[in-house]
Amino acid sequence: MNIHEYQAKALLRDYGAPVSDGRVVLQSDQAKTAAGELDGPLWVVKAQIHAGGRGKGHFKEAEAGDKGGVRLAKSVEEAEAMAKQMLGRTLVTHQTGPAGKQVNRIYIEAGSGIERELYLALLVDRQTSRVSFVCSTEGGMDIEDVAANTPEKILSFSVDPATGYQAFHGRRIAFALGLKGPQVKQCVALMGTLYKLFLDKDMEMLEINPLIVAEGGDLKVLDAKFGFDGNALYRHADIAALRDETEEDPKELAASKYDLNYVALDGEIGCMVNGAGLAMATMDIIKLYGAEPANFLDVGGGATKEKVTEAFKIITSDPNVKGILVNIFGGIMRCDIIAEGVIAAVKEVGLKVPLVVRLEGTNVEKGKEIIRNSGLNVIAADNLSDAAQKVVKAVKG
Ligand code: ADP
Ligand code: MG
């Protein structure tokens, strides 16, 4: 689960990390008061969406004076005008994809004078099975280009979980970032704070880009992007409460409410499968026969009729879906129960695209018979390959 920049900064502030004072506003008429509570002479007006690259982003349906999703204001009146111009519009960045994201919240922050922009992240490194710091002297808005063109400028330091974070980690990072004098001490303290926050809150990713050396030489966090492990949210009610559902794919949101593992993709064949391995194999074989999956969907081992119905609703609500493939292995579940669930779901939500059903496992003959006798226009398949070919043929002709 991801949170907004202003929420991440509130957490950082709680933990004692150096961040600027700021206010979030939901309506433009709150902006002037909010900006007035902050010290000038510069204010930064920042669109809050769950995507990076806002500074270099652009708004859909361009207007005169548009400048991307992070803007510098020289007065509270200008900050208000900027907030008004951004709220409610759709911001497109290299991370949002062409559809962009609607801006519903604006963060107004005291502006900082910047000497250097650095990059810092903490993540779970699967290669070393450790939490790692990733840092670069080339912070700011183009870290993707740095990674692609000069990967040697991105350094990584892993932390042994047996010792945890130690001051020498912080000194190494400070050295790698070219920090001097009192900055080294600040860096050691800040890295310790970030490491503690990362572990305390079961984070998956913590990215600060840029971490700056401000005018006067102090370190400061200027942008923050946090991601949390969804499986650990049950023990962090404070973090779960920060969820902004308007930032999530509505189909994925509905799926999460029914405990379905669903990921929206952009192909034309909707898939309903049980088990992640079988779901991946199903997606592969659809591609093999020349089509693209519209989603990954694992209904789980103990799929009930209700779950199957919900899964159908989610799949059929996707306008890109031109055909559906149900591929279920009845292990713990029996195929006849699955078949009944599928038929009930189809009867409830209707069916406007071809549906191919492949069942295998316990009570498979009974399951197939139920499908045959249902009177519904369902194409039965005998095996995975047959099923994939049939659904691709039904969609592509
Ligand atoms: P994004 O990464 O989504 O583009 P950032 O928060 O990193 O958004 O902002 C983009 C750039 O705007 C930063 O690299 C920095 O140069 C500038 N900036 C952001 N916040 C401030 C601030 N409080 N004061 C001065 N400049 C800022
Ligand atoms: Mg940034």
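Nothing here was measured: the structure is a model prediction, and the numbers come from that model.

### Focus: the UniProt feature "domain: ATP-grasp fold succinyl-CoA synthetase-type" (unreviewed entry) in the protein
Thought 1: As annotated by UniProt and renumbered to match this structure, "domain: ATP-grasp fold succinyl-CoA synthetase-type" (unreviewed entry) occupies residues 2-212.
Thought 2: With 30% helix and 28% strand, residues 2-212 has its two end C-alpha atoms placed 23 Å apart.

### What to know about the domain arrangement of the protein
Thought 1: Segmentation of the protein into domains returns domain 1 (21-110), domain 2 (114-240) and domain 3 (250-396).
Thought 2: On a C-alpha basis, the centroid separation for the pair domain 1 and domain 2 is 25 Å.
Thought 3: With nine residues of domain 1 at the interface, the matching set in domain 2 holds six residues.
Thought 4: Summed over both partners, the interface of domain 1 with domain 2 comes to about 540 Å²; 37% of that surface belongs to carbon and sulfur atoms.
Thought 5: Considering only the surface of domain 1 that becomes buried against domain 2, K56, H94 and Q95 emerge as the three largest contributors, covering 54% of it.
Thought 6: Where domain 1 meets domain 2, there are two salt bridges.
Thought 7: Linking D223 and R54 is a salt bridge whose minimum nitrogen-to-oxygen distance equals 3.1 Å.
Thought 8: For the interface between domain 1 and domain 2, the tally reads five residue pairs in polar contact (both at pLDDT 80 or more).
Thought 9: Its residues assigned to classes, the side of domain 1 that touches domain 2 shows one nonpolar, four polar and four charged.

### Points about the site of ligand 1
Thought 1: Near ligand 1 there are 18 residues, and of these K46, R54, G55, E109 and E117 occur at the shortest range.
Thought 2: Here an oxygen atom of ligand 1 and a backbone polar atom of G55 are 2.8 Å apart.
Thought 3: One nitrogen or oxygen atom from the side chain of E109 is found 2.6 Å from a nitrogen atom belonging to ligand 1.
Thought 4: About the coverage of ligand 1: the protein hides 90% of its 540 Å² of free accessible area.
Thought 5: The residue makeup of the shell around ligand 1, split by class, is seven nonpolar, six polar and five charged.
Thought 6: A domain-level breakdown of the shell around ligand 1 finds at least three residues from each of domain 1 (21-110) and domain 2 (114-240).

### Brief notes about helix α3 (residues 76-86)
Thought 1: Of the residues making up α3, those classed as buried are V76, A79, M82, A83, Q85 and M86.
Thought 2: Check the buried side of α3 and you find it contacts α2 (31-36), β2 (43-47), β3 (58-59), β4 (70-73) and β7 (106-110).

### A short note on the environment of Y258
Thought 1: Looking at where Y258 falls in the secondary structure, it is placed in the loop between α8 (250-257) and β14 (261-264).
Thought 2: Residue class for Y258 comes out partly exposed when judged on its relative accessible area of 41%.
Thought 3: Through-space distance from the C-alpha of Y258 to that of A311 is 8.6 Å; in sequence the pair is 53 residues apart.
Thought 4: Dropping the residues within four chain positions of it, Y258 is found in contact with K307 and E310.

The rules we used
As a convention, each chain's residues are numbered from 1 in the sequence order in which they are written. Here chains are named by letter from A upward and ligands by number from 1 upward, in the order in which they appear as written. This being a predicted model, a pLDDT of at least 70 is required before a residue's local features are given, and a value of 80 or more before pairs of side-chain atoms are given or counted; all residues contribute to the totals for chains, interfaces and linings. Hydrogens and water are ignored here; the side-chain numbers use all heavy atoms of the structure. UniProt positions are given in the numbering used here, feature names are shortened, and annotations may be inferred rather than shown by experiment. Helix and strand assignments follow DSSP, with helices taken as H or I runs no shorter than four residues and strands as E runs no shorter than two, numbered in order from the N terminus. An automatic or database domain assignment supplies the residue ranges for each domain. Note on contacts: a residue pair is in contact if any heavy atoms of the two residues lie within 4.5 Å. Summed over both partners, buried area is the accessible surface (1.4 Å probe) that two parts give up on being assembled. Salt bridge, as used here, is a side-chain nitrogen of Lys or Arg placed within 4 Å of a carboxyl oxygen of Asp or Glu. Polar contacts, as used here, are pairs of N or O atoms within 3.5 Å; protein pairs need one atom able to donate a hydrogen and one able to accept it. Residues neighboring in sequence count only if both atoms are side-chain atoms. Residues are grouped as follows: Ala, Val, Leu, Ile, Met, Phe, Trp, Tyr, Cys and Pro are nonpolar; Asp, Glu, Lys and Arg are charged; all remaining types, including Gly, are polar. The rule for a residue being near a molecule or strand is that one of its heavy atoms must lie within 4 Å of it. Residue burial considers only the protein chains on display, and all accessible areas are found by Shrake-Rupley using a 1.4 Å probe. Buried residues are those whose accessible area, probed at 1.4 Å on protein chains only, stays under 20% of the maximum for their type, while exposed residues exceed 50% and partly exposed ones sit between those limits.

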